[in-house]
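So the chains spell out like this:
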Amino acid sequence: MTGSHANHTRLALLALSIGGATILPTAIHAADTPGYRTCAASHLDGVDPIRLKRALVDAVGPNIARPDADRFFSDNVVLAAPAPLRRGHGDVIVYTQGPRVCGSGGCNLYVLARKAGGASSRPSYRLLGKVTAARPPVSVLPTIHNGRHDLGVGVAGGGIRDPYTAALAFDGKRYPGNPTLPGIPRVTGDMGHVILASADGSGPQCRLR
């Protein structure tokens, strides 16, 4: 291992802490990841990983050329976790990590919900929000707006000196895209149910491949 790669690996595994919860590092190379389990429907409460990957490709848009979609999932660490934001609606979060999909403030987090209806019994998904510069821990907060629970995301780096957790409220259509904007409240009490937790592969999250 070269010195520069060793330094990158140590930096990639470095974690910050918000209120005692681990924050994943900003960017992780796929080769440096600590063995996340691969997503199966049983890991995601019935979520279809294949359909979820298709929905994510649509959400990411021009950053993924369709012929290169498989390479996107192999070159980056794409984590998914069930997110009970609304009872019985099959919401899920997807967090992308990699040197090309993260910045100094964090990585992109996608919130998707199972679509209602349709002729197929297999689920499809719609985008409820793309949150930029997000960091785990990610949690479902006890507070509710417009029928869905608020989403707690870690905020650190990118000029933020004191890490904190932002509370993102659903406006009826989408979750806010930037947790650092003025007016986005900080979580000071109950952190709720953590759904994307640690850098060691533990917890409910799994890796989309």
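Rules used throughout
- Residues numbered from 1 in each chain as written.
- Predicted model: local features only at pLDDT ≥ 70, side-chain atom pairs only at ≥ 80, totals over all residues.
- Heavy atoms only, no water.
- Salt bridge = Lys/Arg side-chain N within 4 Å of Asp/Glu carboxyl O.
- Helix = DSSP H or I, 4+ residues; strand = E, 2+ residues; numbered from the N terminus.
- Buried < 20%, exposed > 50% of the residue type's maximum accessible area, 1.4 Å probe, protein only.
- Pairing = 2+ DSSP bridges.

Draft legend 1. Focus on the pattern of salt bridges. Within this structure, the stated rule accounts for 2 salt bridges. The salt bridge partner of Arg71 is Asp75, with a shortest N-O separation of 3.0 Å. In this pair, Arg71 and Asp75 are both assigned in helix α3 (residues 69-75), 4 residues apart and thus about one turn of the helix distant. Here Arg71 falls in the exposed class, since its relative accessible area comes to 57%. Note on Asp75: relative accessible area 39%, which makes it partly exposed. The salt bridge partner of Asp91 is Arg148, with a shortest N-O separation of 3.1 Å. Of this pair, Asp91 sits in the loop between β3 (77-82) and β4 (92-97) while Arg148 sits in strand β8 (residues 148-157), and the two are 57 residues apart along the sequence. We classify Asp91 as buried; its relative accessible area is 4%. Under the relative-accessibility criterion, Arg148 is labelled buried at 2%.

Draft legend 2. Region of the structure containing the pairing of strand β6 (residues 106-114). Of all the 9 residues making up β6, 8 are buried; the element is thus mostly covered by neighbouring parts of the structure. The sheet contact formed by strand β5 (residues 102-103) and β6 spans 2 bridges and is antiparallel. Of the residues in β6, the one forming a bridge with Cys102 is Cys107. With antiparallel pairing between neighbouring strands as the criterion, β5 and β6 make up a hairpin whose turn holds 2 residues. As defined by bridge partners, β6 adjoins strand β7 (residues 125-145) across 7 bridges and the pair is classed as antiparallel. Bridging from a neighbouring strand, Arg114 pairs with Tyr125 of β7.

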